[in-house]
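Chain by chain, the residues:
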Amino acid sequence: MLRTASSAGKQIIRLSRRCSTATSSPNANANTDSKPKPPLRPRPTPLTDEIIRVDHAGELGADRIYAGQMAILGNGPMGKTIEHMWEQEKEHRKQFEHLIQHHRVRPTVMAPIWNVAAFALGAGTALMGEKAAMACTVAVETVIVEHYNDQLRQIMESPNPDKELLETITKFRDEEQEHHDTGIDCGAEQAPFYNALTEVIKFGCKTAIAISKKI
Ligand SMILES: [Fe+2]
Ligand SMILES: [Fe+2]
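Residues numbered from 1 in each chain as written. Chains lettered and ligands numbered in written order. Predicted model: local features only at pLDDT ≥ 70, side-chain atom pairs only at ≥ 80, totals over all residues. Heavy atoms only, no water.

Draft legend 1. View of the overall build of the chain. The number of helices and strands found in the chain is 7 helices and 0 strands. The buried share of the chain, taken over its 215 residues, is 39%. If you take every contact in the chain between residues at least 6 apart in sequence, the share linking residues at least 24 apart comes to 83%. On the chain, roughly 12900 Å² of surface is accessible, and the fraction owed to carbon and sulfur atoms is 59%. (Helix = DSSP H or I, 4+ residues; strand = E, 2+ residues; numbered from the N terminus. Buried < 20%, exposed > 50% of the residue type's maximum accessible area, 1.4 Å probe, protein only. Contact = heavy atoms within 4.5 Å. Areas by Shrake-Rupley, 256 points an atom, 1.4 Å probe, with all protein chains shown as cover.)

Below you can see the structure in the form of structure tokens.
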């Protein structure tokens, strides 16, 4: 115990010496790299920052929902249909991974939780059956289509609309609408407790969106 405390004390002394050396050196802030630095990208506007953070989180969630559905139903008759939607979600996620880095936007701190919760949602509804999985798709995509439409309006009304973001969200909104329609075509409305199930999932999605916008 004594040895541990003593060792910790030495560690603190070593660290404080290292810190004091760094701050007291006259050359501490000198720029020894003669290569010209690339100009810093302008900070994203608060609107762009919020849109990219929440959509990055949403597409991560969508990717994990379809991964959960595939884990349960991938080898069944709905496998190909779910896989096609999952492939599109992977592309959406990839694009927002690019945008979040390009604009240096901080991802939501909730990402690890959405990751697990979304997979559980996809797998959980798939365990209830194919129609329940489709009901989950319909509920999620209904919220996402509305959410993307709100964002498109916000971007178009902003002083300097971001053209790349407009095109990206328009394309993804159309694909989310297709996913919704596929869910309906595949019998989502025949799922047990369809109304209750979809309302609960919609509420969960809207809550996740509200949280991911801010933190
Ligand atoms: Fe998506
Ligand atoms: Fe989708």
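Draft legend 2. How the structure looks around the nonpolar core. The biggest cluster of nonpolar side chains holds 42 residues, and the ones touching the most others in it are I52, I82, F96, V140, L165, I169 and I201. Secondary-structure elements contributing two or more residues to this core are helix 2 (46-73), helix 3 (79-102), helix 4 (111-127), helix 5 (130-157), helix 6 (163-185) and helix 7 (194-214). The biggest single contributor to this core is helix 5, with 13 residues. The residues contacting V140, other than those within four sequence positions of it, are I65, L121, I201 and C205. (Core = buried A, V, L, I, M, F, W, Y, C linked by side-chain atoms within 4.5 Å.)

Draft legend 3. A look at the coordination of the iron ion (ligand 2). Only E89 (OE), E141 (OE), E141 (OE), E176 (OE) and H179 (ND1) from the protein reach the iron ion (ligand 2) as donors, at distances of 1.8 to 2.8 Å. Mapping the donors of the iron ion (ligand 2) onto the primary sequence yields the spacing E-x51-E-x34-E-x2-H. Between the iron ion (ligand 2) and the iron ion (ligand 1), both coordinated by E89, there is a metal-metal distance of 3.9 Å. Residue E176 and its partner H179 are both found in helix 6; the two are separated by 3 residues, about one turn of the helix. Judged on exposure class, the residue E176 and its partner H179 are both buried. (Donors = N, O, S within 2.8 Å, 3.2 Å for Na, K, Ca; no water.)

Everything listed here is a matter of coordinates, which is why it stays silent on function.
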